[in-house]
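Observations on chain architecture
The primary structure of each chain is shown beneath.
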Amino acid sequence: NPGNYNNEIGLPLTLLRLGPGYQRVVLEMGFYEPGDIKLLCDIAKPQMGIMTNIGTVHASRSHTQEAIAQGKSELIQALPDSPVGTAILNIDDPLIVPMAQLTSANAFFYGLNNQADLWADEIESQGLNGIRFRIHYMGESFNLQAPLIGHHSIHTILRAVAAALVEGLTWGEIVFGLQHASSQLRLVAAHTRQGALMLDDSYNASPESMLAALNLLQELPGRKIAVLGGMNELGQYEAIGHQKVGVRVAQVADRLIAYQQNARMISSAALNAGFPARAIENLDDPESVISTLESTLKKGDVVLFKGAHSLRMDKIVQALEIEE
């Protein structure tokens, strides 16, 4: 589906755009409250359901991760019986594994656990050049490389491969698709006029995606600067979520710019974890962030931008970016 057409308006619009030339449609289903995904499944009638992970986003409405898992499991429960229906499940998420008991569709597990149907090991990040890994399926192993950035991308790759295998693609087709992937999802790399590398991962933010982005920052050479905004809709997980991010900042970054109010929880946690106060700046407007970075960035620096979509941190990146 284009953009984030993932609700009761956007999903039908996507379906209405389909014509005779389409063989498959991949739909994102957004979740806020119980019943949301059931409604979307009633419209779309999915034959395959892919469960990614159960995070803490939307906990302000659903209150607990268990409630979020229950809401998302509506997708799995809506699938047709095997062999038509297939539930592709992340074996590394303990809240997803039990969903196999909620469906009469075929359960296909993927992950980093060798008990999964499809699993990977020997994962090695190549920085901006992608990721290397070994993949295992039905007793066979393949050494592969894909252009997706960061160690965390392995689950994205495994999901795609699992869907392809279920749909009957050959390994030749799968390998070609992985190696020629043109999309880096929502993370964009750009450069400043000073020669610094910017990683714009500001489309949205949860504690899980924040930690993954910081792990990527750690993997890249150069002085590491984290420009982080707050995270929304975490409910009871708001304090602990921001604290976890702050602790990780203290472990991987050389400098932190906390953008707007909620991000103060991140900078406070980083400070408590031993991050030097002189390396922390709390800023409230985009102009301050832009001027601060313009006056201090240098060649070889790596700057990560991440925060809630409502903060529009991508505008800061655009102001600093040079066309290449």
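Each value, and the rule that gives it
- Residues numbered from 1 in each chain as written.
- Predicted model: local features only at pLDDT ≥ 70, side-chain atom pairs only at ≥ 80, totals over all residues.
- Heavy atoms only, no water.
- Core = buried A, V, L, I, M, F, W, Y, C linked by side-chain atoms within 4.5 Å.
- Buried < 20%, exposed > 50% of the residue type's maximum accessible area, 1.4 Å probe, protein only.
- Helix = DSSP H or I, 4+ residues; strand = E, 2+ residues; numbered from the N terminus.
- Salt bridge = Lys/Arg side-chain N within 4 Å of Asp/Glu carboxyl O.
- Pairing = 2+ DSSP bridges.
- Contact = heavy atoms within 4.5 Å.

1. Remarks on the nonpolar core
If you look at the biggest cluster of nonpolar residues, it comprises 28 residues, and the most contacted ones within it are Leu199, Leu214, Leu228, Val245, Val249, Leu256 and Phe275. For this core, the secondary-structure elements that each account for two or more residues are β8 (197-200), α7 (207-219), β9 (224-229), α8 (238-252), α9 (264-272) and β12 (302-306). A per-element tally of this core places α7 first, with five residues. By size, the runner-up hydrophobic cluster in this structure holds 25 residues, among which are Phe133, Leu148, Ile154 and Val175.

2. Observations concerning the pattern of salt bridges
Throughout the structure, instances matching the rule amount to nine salt bridges. A salt bridge links glutamate 167 to arginine 24; the nearest nitrogen and oxygen atoms lie 2.3 Å apart. One end of the pair, glutamate 167, is in the loop between α5 (153-166) and α6 (171-179); the other, arginine 24, is in the loop between α1 (10-16) and α2 (36-44), with 143 residues separating them in the sequence. Judged by relative accessible area, glutamate 167 falls into the partly exposed class, the value being 36%. For aspartate 301, the salt bridge is made with arginine 223, and the minimal N-O distance between the two is 2.7 Å. Here the residue aspartate 301 occupies a position in the loop between α10 (286-296) and β12, and arginine 223 occupies one in the loop between α7 and β9, the gap between them amounting to 78 residues. By relative accessible area, arginine 223 is classed as partly exposed at 26%. Connected via shared salt-bridge partners are Asp121, Glu122 and Arg134.

3. Quick word on the pairing of strand β5 (residues 131-137)
Counting buried positions along β5 yields five of seven residues, so the element is predominantly enclosed. When strand β4 (residues 118-125) meets β5, the two strands line up antiparallel, connected through six bridges. Considered in β5, the bridge of glutamate 124 is made with arginine 132. The pairing of β5 with strand β6 (residues 140-146) spans seven bridges and is classified as antiparallel. For tyrosine 137, the partnering residue across the bridge sits in β6 and is glutamate 140. The hairpin turn running from β5 into β6, its antiparallel successor, is two residues long, and methionine 138 in that turn takes a positive phi close to 50°.

4. Notes on the side chain of threonine 292
Turning to its location among the elements, threonine 292 is positioned in helix α10. The buried category is assigned to threonine 292, whose relative accessible area is 13%. Apart from the residues lying within four places of it in its own chain, the contact partners of threonine 292 are Arg255, Ile257, Glu281 and Leu283.

5. Overview of the pairing of β9
For β9, the buried fraction is high: six of the six residues fall into the buried class. Here β9 shows a buried face lined by Lys224, Ala226 and Leu228 and a second buried face lined by Ile225, Val227 and Gly229. Judged from the five bridges that link them, β9 and β12 form a sheet pairing that is parallel. The residue of β12 that forms the bridge with isoleucine 225 is valine 303. Bridge analysis of β9 against strand β10 (residues 255-259) gives five bridges, and the strand direction is parallel.

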